[in-house]
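# Architecture and fold: a report
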Amino acid sequence: MIPARKRPHEPTTDEAIAEGLDEAMVRRVVHRFYDRVRADPLIGPVFHARIADDHWPEHLEKITAFWSSALLGTRSYTGKPMPKHLAIDELGDAHFRRWLAIFRHTVTELCPERTAALFIARSERVAEAFRMNIAMHRGDILTFRPPLTREDYP
């Protein structure tokens, strides 16, 4: 039997709020993160092919609402992100690794330690859930699919 991977202690939302987590911090993270994503040679083209320049403000607000809901429980996000991601044929593990690497770098730079750890833990769960749903949608066999490895950034 393979032992379950031990997860490091994930900070609570209350701990992150005590460090200053609020909607303004979420907005700063989302905007800085997507500035980097848009400039990235691997995942930037995936976004550029689907989001026109004049639609970025709306997209950033939607993603800010997503993270605000996920971390602060605001319930401001009402979208359904999975169908849009299922439609991206080229989306693979390399894209998820890069997305996570840029995300980790951004939150580590902008957030206090416990808040960054909370963002990172949630982002890794989101990425794995998307990755698994996409794989199932494509008919992949998931029985022995290892978790994503971490990529350094920059």
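All residue numbers refer to positions counted from 1 along the written sequence of the respective chain. Given that the model is predicted, a residue must reach a pLDDT of at least 70 before its local features are reported, and side-chain atom pairs must reach 80 or more before they are shown or counted; all residues, however, enter totals for whole chains, interfaces and linings. By convention in this description, side-chain values take in all heavy atoms of the structure and omit both hydrogens and water.

### Overview of the nonpolar core
Put simply, the rule reads: To qualify as a nonpolar core, a set must consist of buried Ala, Val, Leu, Ile, Met, Phe, Trp, Tyr and Cys residues joined through side-chain atoms within 4.5 Å. The buried label applies to any residue whose accessible area, calculated with a 1.4 Å probe on protein chains only, is under 20% of its type's maximum; exposed applies above 50%, and partly exposed to all values in between. Here a helix means four or more residues in a row that DSSP labels H or I, a strand means two or more in a row labelled E, and each is numbered from the N terminus. Whether two residues are in contact is decided by their heavy atoms, any of which lying within 4.5 Å being enough.
Ranked by internal contacts, the top residues of the largest apolar core, which has 39 residues, are Leu21, Tyr34, Trp67, Trp99, Val107 and Phe119. For this core, the secondary-structure elements that each account for two or more residues are helix H2 (23–39), helix H3 (44–48), helix H4 (56–72), helix H6 (93–110) and helix H7 (113–137). With residues up to four places along the chain from it excluded, the contact list for tryptophan 99 reads Phe33, Tyr34, Ile43, Trp67, Ser123 and Ala127.

### A closer look at the side chain of serine 68
Worth spelling out the cut-off: Polar contacts, as counted here, are pairs of nitrogen or oxygen atoms within 3.5 Å of one another; within protein the pair requires one atom able to donate a hydrogen and one able to accept it, and residues that are adjacent in sequence qualify only if both atoms are side-chain atoms.
With respect to the helices, strands and loops of the structure, serine 68 is situated in helix H4. Serine 68 sits in the buried class, given a relative accessible area of 1%. Here the side chain of serine 68 touches threonine 74 through a polar contact of 3.0 Å, side chain to side chain. Sequence-distant contacts of serine 68, that is, excluding residues within four places in its chain, are made with Glu23, Val26, Gly73, Thr74 and Ser76.

### Some remarks on the environment of glutamate 90
Structurally, glutamate 90 is set in the loop between helix H5 (81–86) and H6. Sequence spacing of glutamate 90 and aspartate 14 is 76 residues, and the spatial spacing of their C-alpha atoms is 38 Å. Not counting the four nearest positions on each side in its chain, glutamate 90 is found in contact with Val46, Arg50 and His95. In terms of polar contacts, glutamate 90 uses its side chain to reach the side chain of arginine 50, at 3.3 Å.

### Digging into unusual backbone geometry
Backbone torsion omega between tyrosine 153 and proline 154 reads -5°, so that peptide bond is classified as cis. Assignment of secondary structure puts proline 154 in the segment after H7. Positioned with a positive phi, arginine 75 is a non-glycine residue whose angle comes to about 60°.

### Looking at the environment of alanine 116
Tracing the chain through its elements places alanine 116 in helix H7. Residues alanine 116 and arginine 104 lie 12 residues apart in sequence; the distance between their C-alpha atoms is 7.7 Å. Residue contacts for alanine 116: discarding those within four places in its chain leaves Val107, Thr108 and Cys111.

### Some words on H4
Residues lying three or four places apart along an α-helix face the same way, a consequence of the helix completing one turn every 3.6 residues. The line we're drawing: Take the number of residues in a helix, subtract one, and multiply by 1.5 Å to get its expected span.
Between its first and last C-alpha, H4 extends 23 Å over 17 residues, near the 24 Å set by a 1.5 Å rise per residue. Buried within H4 are the following residues: Trp56, His59, Leu60, Ile63, Thr64, Ala65, Phe66, Trp67, Ser68, Ser69 and Leu71. Elements that come into contact with the buried residues of H4 comprise helix H1 (13–19), H2, H3, H6 and H7. Looking one or two residues beyond H4, the residue adopting positive phi is glycine 73, at roughly 70°.

### Describing the pattern of salt bridges
Note the cut-off: We define a salt bridge as a side-chain nitrogen of Lys or Arg found within 4 Å of a carboxyl oxygen belonging to Asp or Glu.
With the rule as written, the count across this model stands at 16 salt bridges. In this structure, arginine 98 engages aspartate 40 in a salt bridge whose closest nitrogen and oxygen atoms are separated by 3.1 Å. Remark: aspartate 40 occurs in the loop between H2 and H3 and arginine 98 occurs in helix H6; sequence separation between them is 58 residues. There is no split in this pair, since arginine 98 and aspartate 40 are both buried. Residues arginine 131 and aspartate 93 are paired through a salt bridge, measuring 2.7 Å at the closest nitrogen-oxygen approach.

### Points about the packing of aromatic side chains
Here is the rule: Here is the rule: rings of Phe, Tyr and Trp (six-membered ring for Trp) pair when centre to centre is within 6.5 Å. Planes less than 30 degrees apart are stacked, more than 60 are edge-to-face, and the remainder are tilted.
In the structure shown here, the tally under the stated rule is 12 aromatic pairs. Residues phenylalanine 33 and tryptophan 99 carry aromatic rings whose centres are separated by 5.6 Å and whose planes lie at 85° to one another, so their mutual orientation is edge-to-face. Here phenylalanine 33, found in helix H2, pairs with tryptophan 99, found in helix H6; they are 66 residues apart in sequence, far enough to count as distant. The burial state of phenylalanine 33 is the same as that of tryptophan 99; both residues are buried. A network of ring pairs unites the aromatic residues Phe33, Tyr34, Phe47, Trp56, Phe66, Trp67, Tyr77, Trp99, Phe103 and Phe119 as a single cluster.

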